[in-house]
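Structural features, examined
Chain residues, written in single-letter form:
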Amino acid sequence: MLFGRAQKNPIKLPAHDIVDWKYTTCGYCSTGCSIEVGLNKDGQAVTGRGVGGADVNQGKLCIKGIFEHELFHSAGRGTVPLMRDKTYEPYQETNWDAAMDKTASEIKRIQETYGRDSFAIISTGQILTEEFYTLGKLARGCIGTNNYDGNTTLCMASAVSGYKRSFGSDGPPGCYDDFEHTDCLIAFGSNLPEQHPVIYWRMREAREKRRFPLIVVDPRVTMLAQFADMHLPITPGTDVVLLNALAHVILDEGLEDRAYIDAHCSGAEEFEKLVAQYDPVTASKICGIDEDTIRNVARLYAKSESAMSIWTMGINQSTHGSDGVVGINSLNLLTGNIGKPGSTSLSITGQCNAMGTREWSSCSGLPGYRALEKEQDREEIAKFWGIDPEFFPKKRGLFQTDIFPAIETGQIKGLWIIGTNPMTSMPNTARIRKTFERLEFCVVQDAYRDVETTEYANVFFPAGLWAEKNGVMTNTERRVNLISNVIDPPGQAKSDLWIFNEMAKRFENGQKIKFPETASDVFDEMRELSKGRFLDISGMTHEKIEQQRGIQWPMTEHAETGSPRVYSDGKFNHPDGKAKLIPLPFIDNNEVPDEDYPFWLNSGRVVEHFHTRTRTGKIGNQNKYSPTPYMEMNPDSAKELGIKHMTYARLVSRRGDAVVLVQLTQRVPRNMVFVPFHFHECVNRVSLGLLDPHSRQPAFKQCATRIEPISQQEAAAVINKAARTF
Ligand SMILES: Nc1nc2c(c(=O)[nH]1)N[C@H]1C(S)=C(S)[C@@H](COP(=O)(O)OP(=O)(O)OC[C@H]3O[C@@H](n4cnc5c(=O)[nH]c(N)nc54)[C@H](O)[C@@H]3O)O[C@H]1N2
Ligand SMILES: Nc1nc2c(c(=O)[nH]1)N[C@H]1C(S)=C(S)[C@@H](COP(=O)(O)OP(=O)(O)OC[C@H]3O[C@@H](n4cnc5c(=O)[nH]c(N)nc54)[C@H](O)[C@@H]3O)O[C@H]1N2
Ligand code: SF4
Ligand SMILES: [Mo]
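Structural notes, computed from the coordinates. (Residues numbered from 1 in each chain as written. Chains lettered and ligands numbered in written order. Predicted model: local features only at pLDDT ≥ 70, side-chain atom pairs only at ≥ 80, totals over all residues. Heavy atoms only, no water.)

**So, the sheet that holds strand β23 (residues 648–652)**
Quick note on the threshold: A pair of strands is labelled paired if DSSP reports no fewer than 2 bridges between them. Labels follow the DSSP assignment, with helices taken as runs of H or I lasting at least four residues and strands as runs of E lasting at least two, numbered in each case from the N terminus. Each axis is a line fitted through C-alpha atoms, and for a helix only the stretch in contact is used; angles between axes span 0 to 180 degrees, taken between their N-to-C directions.
Taken in spatial order, the 6 strands of this closed barrel run β21-β25-β22-β24-β23-β26, and their pairing is mixed. Taking each pair of neighbouring strands and ignoring which way they run, the sheet shows an average axis angle of 45 degrees. Both β23 and strand β26 (residues 704–709) contribute to a ladder of 4 bridges, which runs antiparallel. Bridging from a neighbouring strand, alanine 649 pairs with proline 709 of β26.

Given below as structure tokens:
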């Protein structure tokens, strides 16, 4: 007879008869969890599990990783190349040669008619590093357009810009192991438990062993804020003011690490002069955090033996995004908290391979953190690729957020979109829609046929995704990990690497430059180009990476393994070897709530979904848990407007409107609503996205909105229309 749990709710694991487990790395967020996909005797991927011996996740996975193998059979995949002359015509199925020839001839026609930069390329943070490097060769070396960028401008551009300004180079200095050593952690605008669940688990494990204080700076009471010792509900867009005030207190009370500043930083005098203006009383009136809390946090941070800061989109997606990153870096420089165990300024990256594109795609320059602005870098790469250095522009072209306005004004006439869905993810999508209508030619390369951008494309290239391909990705802590080709892409879909290689053959320089067919041969080129550089990967091979379950750069040629931290010697990448303390005057340039639009509109993510839901929208449990566009709203403000829990309401801004289901919660203050951005025709119809002057990243998280009650019947009609076919 069975008793207790065994009788009540026996757990039965489905029997899958796995004959082979294949090693790979998760393709959603930047945590970089190692996964094994289980194949049955028919070679079908039927299950997945975390890899026990992997440093990053030690066997754990979040809901997205657990069900990732279901992607191989998900609805809406592209399986055949498609083509049409006019975007109002239906697509015709075609073959690769015809689709490629058409695209190459349109690129050439547009470039010959309007100039080389009139054809733009926008890529992603979600293909493999070898693919990024190859795309860079194609875009910079063969097609030769300078208007080549990626969706990382919506995501990591502020972190990149801030790291470059402070330290002289991109590249996050710390690692997850820092949680094991730190005595104090501040998280700025980062909701780890939902967005990086396994990094959160690492942090929580460390905190259970040694109870270090956790301070969360976020205008919402996020899940992370609920677990924090202190929550600082900052006024949106004012983190720079808080950071200036923290620096003010540290300097005013003599808590800074003067020896570190003297030895390793430049610009201290100007910096000190500026932060002198941001006393806690003045700052509290702007950033909404009371003066004593500012003082307490400053003292706690500066007096801790080791302290670290992490941040994500609450900082990057702001008109002060780059400044926010610089401010966080300065807080850590000021207190000597860089490059030591438990001491770091660590940007939590977003997409699985946002780091790979930063390092190797040539979007913002040339491969291996080289710059177009440097003659030596141009010459090195031209020589390595076997082309004339004069083929390269001498400074970078437009960012993604400037490419769209350039289409609007007719400067750009053709566009190739790879692995990104701006129809849903860009701010003010009504404007993006009109912009797409102005293009003479558009090609979309995506794993999914039903991605919204195909509405405006002339050609569609069906791509393989994730473990249908072979190559590496770099995670938040600079760990390069392997994705292996568990199964092949469906139908005629091909890896992005194959597509770039085939396209290169159609350009003159494509005959001169070598385009290796296998990812490991491409990786060999990258290793060669990385030798002696900050991001040295010359000691890595695909085999070593798999054996070690990911390796952190730098790893020099004869090294046994990688390096957990950079800047440990206090030597930075500016020409004088020092880090810069940069003064950050604050200018209030946001759209702020007023009488007509009385709420802050904040947006972000939920744990179940990834971005524009091309993937997670098709996976049973994930879509079941979060099936519809919704908005977090404070019960007090809802009561004033006569809006009830779980009814629909209309969100209105100066740009447009959207209909959402209302979730009443104290998680947001009375003057704010929060909407996940995963749903098409939703929050980005309303958002503004003012740009950061340094990084050109949009301030997705701040604009003003009004909430209106709506007839429930009308609302249901709007929601049904916006919903995809799945
Ligand atoms: N489940 C899931 N995980 C993901 C993703 C996903 O789509 N789904 N996407 C991945 C990607 S690409 C990214 S970039 C990351 C994003 O990861 P996160 O940045 O952690 O997620 P978000 O929800 O975009 O925003 C984080 C927080 O910023 C806060 N915020 C808003 N304005 C401000 C402000 O002015 N100051 C401060 N300090 N905070 C503010 C918001 O209230 C929100 O709670 O997640 C990655 N992981
Ligand atoms: N309001 C608001 N808007 C936001 C944000 C926000 O917080 N608020 N966050 C911004 C941020 S941080 C980000 S990163 C962006 C993300 O925005 P997008 O990049 O537009 O979002 P995704 O849905 O991830 O789009 C990736 C596309 O790549 C495809 N894909 C996946 N794997 C592969 C592959 O291997 N090859 C190819 N060719 N295609 C592939 C997917 O099917 C999908 O269509 O959104 C931004 N937009
Ligand atoms: S935490 Fe990120 S990398 Fe890990 S399983 Fe989840 S989505 Fe994948
Ligand atoms: Mo992102």
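On we go.
**Observations concerning the packing of aromatic side chains**
To keep it simple, the criterion reads: Any two of the Phe, Tyr and Trp rings considered here, Trp counted by its six-membered ring, make a pair once their centres fall within 6.5 Å; the pair's planes then place it as stacked at under 30 degrees, edge-to-face at over 60, or tilted in between. To sit over a ring, a charge needs its Lys NZ or Arg CZ within 6 Å of the ring centre and within 35 degrees of the ring normal.
Inspection of the entire model under this criterion finds 20 aromatic pairs. Summarising the aromatic geometry, the rings of tryptophan 385 and phenylalanine 392 are spaced 6.0 Å apart at their centres and angled 70 degrees between planes, so their arrangement reads as edge-to-face. Chaining the aromatic ring pairs together yields one cluster made of Tyr163, Phe167, Trp311, Tyr369, Phe534, Trp553, Tyr567 and Phe572. A cation over an aromatic ring shows up here: arginine 77 above the ring of tyrosine 448, its NZ or CZ 5.6 Å from the ring centre. Cation over ring: arginine 220 sits above phenylalanine 674, and NZ or CZ is 3.5 Å from the ring centre.

**Observations regarding the site of ligand 1**
Note the threshold: Neighbouring residues are identified by heavy atoms, a residue being near a molecule or strand if any of them is within 4 Å of it. In protein, a polar contact requires one atom able to donate a hydrogen and another able to accept it; more generally it is a pair of N or O atoms within 3.5 Å, and residues adjacent in sequence count only if both atoms are side-chain atoms. The method behind every accessible area is Shrake-Rupley, applied with a 1.4 Å probe, and residues are considered shielded solely by the protein chains displayed. Gly is placed with the polar residues, together with every amino acid not listed as nonpolar (Ala, Val, Leu, Ile, Met, Phe, Trp, Tyr, Cys and Pro) or charged (Asp, Glu, Lys and Arg). Note that the domain bounds reflect an automated or database-derived domain assignment.
Near ligand 1, the surroundings consist of 34 residues, among which Gln195, Asp218, Gly237, Arg605 and His609 are the closest. Interatomic distance of 2.7 Å between a backbone N/O atom of glutamine 195 and a nitrogen atom of ligand 1. Contact with the protein chains hides 100% of the accessible area of ligand 1, taken as 910 Å² for the molecule alone. The set of elements that each furnish at least two residues to the shell around ligand 1 consists of α6 (192–195), α14 (313–316) and β21 (599–604). Residues belonging to the shell around ligand 1 are distributed by class as follows: 10 nonpolar, 17 polar and 7 charged. Looking at the shell around ligand 1, you find at least three residues from each of domain 3 (157–347) and domain 4 (599–725).

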